Structures are given as structure tokens and as C-alpha cells.
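What follows is each chain in one-letter form.
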Amino acid sequence: MQYSLSSREFAESTGDRVFYITYYDATGPNSHVPQESPRFMVINEENHAWETFGIDAGKRIPENHHDGTDSTSYWQQLLGNNLTCGNCPVAVPNLWQVRAGRADSNRDKNNIKEHGYLWGGVVVPETDASVLAEGIRRLAAAGWPPVCIFVCDLAWSVTAHLWDQAVAILGANDEVLLEPSLAAFKLDPSNDCEGRRYVGNNFGQPHRDYAYHDVFGLDSSETDEMPRVLSVWLPLVDVNLENGCMYVVPQAGDATGGRGEDGSSAPTFDIRAVRALAPAKAGTFFAWAGNTVHWGSSCTEKGENSPRISLAFVFRKKCATSDLRRAPLMREELRAGIDLNRRLELIEHSLACFEHWYGDTTTTRQRLHRIRSARGQFS
Ligand SMILES: O=C(O)CCC(=O)C(=O)O
């Protein structure tokens, strides 16, 4: 879901073509200036981003702040009665934490260490997962991308709970940060069957979120070390082989773990080792070390009655390489409360992070930017 932060380039291999992608801070004053000199320019050959919502999707999104998009109540109404969009970071935290499941952190740690990934238990109650999934459907129906679910409090309650699980695995307590690249997926079977990209699609090419040295450090020679970067993936509906699931390459099939790869070509691994993480219930906790090879499958025709909806996060230790374009989230920040403006900022940034999968997201990011501008708060 990320890119190699050291090189700021990412190779997406499609068939026999490799595209080199360099990131721009599309929201800043120097939006045309790459963060570092690119070896190759950005490719966004086509923008299929809105096809999932229909060709007049853009029209359904109010164009300016006079329509009220800058108000909490706009989002609140859009999401319906089951979701709140206050400034409450962890909505009803105590009650929720009691209902939520706890992971077995020793087992989880061992799985990450030995296999590079873990398939945990259900840590988010099914009712909450399905309320979030419905929120994402409502956003999509109104023309907004799935990641806008992070305007609501429950998404942050879930994030806080997953954060606890990540801390239990990575250790280091408040030293664990959340990268400002949130992902939400809502697969669209008809686009998937046509092979079209759109915002919220699966990330379908085998990839490592981070380079080996980003995950274990430059001078690491210890193979039994715990990673510093953990990707977390949470399905909000039941997933199976047909509606879009995750695939991972366990360490046994990935002898190098990415050591020696330059990040500009597709990772090499033993295809016989690949594991499908399915079937799994909504709310199941999945995680992998940042350098583990993985990908998400698209939704087939057979899965069209319940296409996959999911969330993804990257938690990392403070000492690991980070996204320098936006500040990571700290636990204290979440505890103190993330206001709507910060939520929108993160959503906008996250869209930019994944354009190499989605296609161009400029129109949506500009809308979100105007909303923040109308709220008069820029960070
Ligand atoms: O959900 C998917 O399709 C891919 C997810 C992924 O690659 C990630 O979270 O890093």
C-alpha cells in the first residue's frame, strides 16, 4: 500500500511493462514540484477513477462550501443515523473496547516473526464492521471515495483498537505511530471484470509496502528481529476467493525478504508458497511485516452480491523511515480527539498516496481541499 520511502519510487509491474512513479505533494504550494528529482515522471495514463460511481458521479458531489459540505452535519446526514461525525476520537470508547475482541499477541508476534504475516481472530464486532461497510456504500452512492469513511467517529474507534493490537505486536507503546496513508476499498465487480481502475479498487500486483531496510534498518543482520513496520488489513464484510481477498507470500517463499531488490522492479518469490487469506469473517485482524509480498484480488462475477469492502493501515515504530510529506498520527493525538479538518486532511493526503493504483484523484482532492479551506483551518 506504500512505496519505498528511501527511493520515493515505486514500480508497478503490469504484464511486461514497468511504470516508475514519483510522488508529488499535490496539496502543497509547490504541488508541481516532485519531492525529489524523479528518474521518470508520474504516469497517470488514464483516469478511470470515477467510473465506479457512474459518469455523472462528480455532479452528485456539491461543488462548493455553500452546499454545506464543510459542515459536520453534511457528513453526518450522508452517513445516516448509525454513524456520528463529532470530534469524538474514540466514540463510546469503553463500551466499544469491551465489545471488541482481543488478539493473542504472543501468537501474533510469532507468526509475524516466523512467517512475515498473521491471520488473527475477529477483533472488530460484526455489527460495527457492517455499519462501517454501509457507511462506505452511502459515500460511494453520493460520489465520494471509500476512504471518506474516516470522517466518522467509529472509523477512529476501530483505528484506536487496531493501534492497540499493533502496539502489542511491535512493542514500544507510544513509540508506535500511524502513517498518514489510510486506505479503504470498495470493490466494484463490473469495473473489475472490465479490468478498469477506480478509487477504492484492489491493489492487485504483488508488492512490498516497504523495502527491507525500511522495515529492519540498514545494518540489520538479525533474521529473527521483529519488523519496525506493520501493515494491518481489516475486512468489513466476509471475504472469500470470489469477492476479493488478500494473498501473501510467507517468508518460506521469499528467501531474500527483498534484500538486494532496488524497488524499481516487481519482487521475486516462490509462487508455490502463496497463500490466500480467505475465507474470513468481517472484522478479522490481518497483518504483515512491511516488506512481506502481498496483493489483493479483485471481485469476480460470482462475488458480485457482496463485493469486498475493507480498510488498511500502516503502523510503524518511531525509528522506522516515514512518509515525510505529512506528519504521522500519534496516539496522544487520537486520544485528544481528531477534528473534522484533520480527518479531511488525512483523507486528502491518502488519496494522493495511492494514485499509482487508482489513477488521478485531483478532482476529489481539490474538493476536499476547498472544504477545508471553507472551514478556515489549514495545518
Ligand atoms: O486490499 C487490497 O487489495 C490491497 C491491500 C494492500 O496492498 C495493502 O494494504 O498494503
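Everything here concerns the structure above.
The paragraphs below set out a description of the structure included in this document. Predicted model, so just to flag it, every value in this text is computed and none were measured.

**Details of the overall build of the protein chain**
Then step 1. Looking only at helices and strands, one finds 12 helices and 11 strands in the protein chain.
Then step 2. Counting every position in the protein chain, which comprises 379 residues, the buried fraction comes to 48%.
Then step 3. In the protein chain, of all internal contacts separated by at least 6 residues, the share reaching a separation of at least 24 is 80%.

**As for the sheet that holds strand S7 (residues 246-248)**
Then step 1. Here we have three strands laid out as an open sheet, ordered S8-S7-S10, and antiparallel in their pairing. The two strands at the open ends of the sheet, each matched to only one other strand, are strand S8 (275-276) and strand S10 (294-296).
Then step 2. One ladder, built from two bridges, connects S7 with S8; its direction is antiparallel. Paired with Tyr247 across the bridge in S8 is Ala276.

**Looking at the pairing of strand S6 (residues 229-235)**
Then step 1. Burial analysis of S6 places seven of its seven residues in the buried class, the great majority of the element.
Then step 2. Burial along S6 is two-sided: the face carrying Val229, Ser231, Trp233 and Pro235 and the face carrying Leu230, Val232 and Leu234 are both buried.
Then step 3. Pairing geometry for S6 and strand S11 (residues 309-317), over seven bridges, is antiparallel. Bridged to Val229 within S11 is Arg316.
Then step 4. In terms of strand pairing, S6 meets strand S9 (residues 284-289) through four bridges, oriented antiparallel.

**Topic: helix H5 (residues 126-141)**
Then step 1. If you check H5, its first and last C-alpha atoms are 22 Å apart, about what 16 residues at 1.5 Å a residue would give, namely 22 Å.
Then step 2. Among the residues of H5, Asp128, Ala129, Leu132, Ala133, Gly135, Ile136, Leu139 and Ala140 are the ones counted as buried. Down the axis of H5, the sector holding all buried residues measures 155 degrees, keeping them to one side.
Then step 3. Packed against the buried residues of H5 are helix H2 (72-79), helix H6 (153-170), strand S5 (183-186) and S11.
Then step 4. Positive backbone phi, at 90 degrees, marks Gly143, one or two positions downstream of H5.

**Quick notes on the nonpolar core**
Taken as a class, soluble globular proteins show a tendency for nonpolar side chains to be buried jointly.
Then step 1. Within the largest apolar cluster, 93 residues are counted, with the highest numbers of intra-cluster contacts made by Ile149, Val232, Ala287 and Phe315.
Then step 2. Take this core: its biggest share by element is 10 residues, from H6.
Then step 3. Among residues more than four places away in sequence, those in contact with Phe315 are Trp163, Ala166, Leu170, Val176, Leu178, Leu230 and Val232.

**Things to note about the environment of Ala141**
Then step 1. Mapping Ala141 onto the fold places it in helix H5.
Then step 2. Residue class for Ala141 comes out partly exposed when judged on the 13 C-beta atoms lying within 10 Å of it.
Then step 3. Residues Ala141 and Leu78, spaced 63 residues apart in sequence, show a C-alpha to C-alpha distance of 9.6 Å.

**Here we look at the environment of Leu277**
Then step 1. Along the polypeptide, Leu277 turns up in the loop between S8 and S9.
Then step 2. Under the C-beta neighbour-count criterion, Leu277 is labelled buried, with 20 such atoms within 10 Å.
Then step 3. Here the alpha-carbon distance between Leu277 and Val248, two residues 29 residues apart in the chain, equals 7.5 Å.
Then step 4. If sequence neighbours within four positions are ignored, Leu277 has contacts with Trp119, Cys245, Met246, Val248 and Phe286.

**Considering unusual backbone geometry**
Then step 1. Between Ala278 and the following residue, Pro279, the backbone shows a cis peptide bond with an omega angle of 0 degrees.
Then step 2. Along the polypeptide, Pro279 turns up in the loop between S8 and S9.

**Here's the deal with the packing of H5 against H6**
The angle between the axes and the distance between the axes are what describe a pair of packed helices.
Then step 1. Closest axis-to-axis distance for the H5/H6 pair is 10 Å, and the angle between their directions is 135 degrees. With respect to each other, H5 and H6 are oriented oblique. Judged by the twist between their axes, the crossing of H5 over H6 is left-handed. Across the interface between the two elements, Asp128, Val131 and Leu132 of H5 pack against Leu154, Ala155 and Val158 of H6.

Definitions and cut-offs
- Residues numbered from 1 in each chain as written.
- Predicted model: local features only at pLDDT ≥ 70, side-chain atom pairs only at ≥ 80, totals over all residues.
- Helix = DSSP H or I, 4+ residues; strand = E, 2+ residues; numbered from the N terminus.
- Buried ≥ 20, exposed ≤ 12 C-beta atoms within 10 Å, placed from the backbone.
- Contact = placed C-beta atoms within 7 Å.
- Pairing = 2+ DSSP bridges.
- Expected span 1.5 Å × (residues − 1).
- Arc of directions from axis to C-beta.
- Core = buried A, V, L, I, M, F, W, Y, C linked by C-beta atoms within 7 Å.
- Axes fitted to C-alpha atoms, helices over the stretch in contact; angles between N-to-C directions.
- Parallel < 35°, antiparallel > 145°, perpendicular 65-115°, else oblique.
- Left-handed = near helix turned anticlockwise from the far one by under 90°.

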